[in-house]
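Structural characterization, general
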Amino acid sequence: MPGEDWRAAGERIEALLDAGGPADELARVITSLYGTGLHRLLDLLHDHGALTDPVLTAMAADDLIAGLLLVHGLHPDPVETRIELALAATDVHLLSISDDGVARLRTAGCGSHDAIREAVAAAAPELRDVEFVQLIPISSLFDRPRA
């Protein structure tokens, strides 16, 4: 929603509310309006020298603000960084992200894939899927079965 289109969005929201318009269109218009407002807020902060690295770090660390920034494509951290931060306390590592939005994760343990999948989805909602690649320890290749 570039430039002064936010005024038109406000008028459209009011018309949809008055007419009992479709909820999905209303949600889309409101989300677009808020995204434009957040983008302008960040631009103003940057233009006035208030959008410093510590401020960006604090914004990215706040779950609510980070979520709003993610919804509108304004999060300061790239997807890889967000995933790596979500995996920091685990034995799981990001291998790659495909062009179609699938993250491949390497795991050496048998941890909860569901919990890891949820953490990654929260950090990177733009992903389509998460795949796990389990590594077999090299030492296990030399173990012989016992009779």
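Everything below is about the structure shown above.
Let me sum up the structure you'll find in this document. (Residues numbered from 1 in each chain as written. Predicted model: local features only at pLDDT ≥ 70, side-chain atom pairs only at ≥ 80, totals over all residues. Heavy atoms only, no water.)

Quick look at the nonpolar core
Most often, soluble globular proteins have nonpolar side chains that are buried together. Counting 13 residues, the largest nonpolar core has I83, L87, L105, I116, V120 and L127 as its most contacted members. Counting six residues, the second largest nonpolar core, distinct from the first, contains L16, L26, V29 and L33. (Core = buried A, V, L, I, M, F, W, Y, C linked by side-chain atoms within 4.5 Å. Buried < 20%, exposed > 50% of the residue type's maximum accessible area, 1.4 Å probe, protein only.)

Side note on helix α6 (residues 113-123)
Taken together, the buried positions of α6 are I116, V120 and A123. Taken around the axis of α6, the buried residues stretch over an arc of 65 degrees, which confines them to a single face. Among the exposed residues of α6, those oriented more than 90 degrees off its buried face are D114, E118 and A122. The secondary structure elements touched by the buried residues of α6 are α4 (63-71), α5 (79-86), β1 (92-97), β2 (102-107) and β3 (129-134). (Helix = DSSP H or I, 4+ residues; strand = E, 2+ residues; numbered from the N terminus. Arc of directions from axis to C-beta. Contact = heavy atoms within 4.5 Å.)

Some thoughts on the sheet that holds β1
Read from one edge to the other, the open sheet built from three strands follows the order β1-β2-β3, with strand pairing classed as mixed. The strands lining the two open edges of the sheet, one partner per strand, are β1 and β3. Across the sheet, the mean angle from the axis of one strand to that of its neighbour is 30 degrees, orientation sign disregarded. By the bridge criterion, five bridges tie β1 to β2 in an arrangement that is antiparallel. Bridge assignment links L94 to a residue of β2, and that residue is L105. Sitting on the sheet, α5 is in contact with β1 and β2, with an inclination near 160 degrees to β1. Sheet contacts for α6: β1, β2 and β3; angle to β3, the most-contacted strand, approximately 135 degrees. (Pairing = 2+ DSSP bridges. Axes fitted to C-alpha atoms, helices over the stretch in contact; angles between N-to-C directions.)

Side note on the pattern of salt bridges
Scanning the model with the defined rule gives five salt bridges in all. Across the salt bridge formed by R82 and E126, the nearest N and O atoms sit 2.6 Å from each other. Remark: E126 occurs in the loop between α6 and β3 and R82 occurs in helix α5; sequence separation between them is 44 residues. By relative accessible area, which is 9% here, R82 ends up buried. With its nearest N and O atoms 2.8 Å apart, the salt bridge here joins D100 to R128. Pair noted here: D100 is in the loop between β1 and β2 and R128 is in the loop between α6 and β3, with a separation of 28 residues, a long-range link. Take R128: its relative accessible area is 55%, and that puts it in the exposed class. (Salt bridge = Lys/Arg side-chain N within 4 Å of Asp/Glu carboxyl O.)

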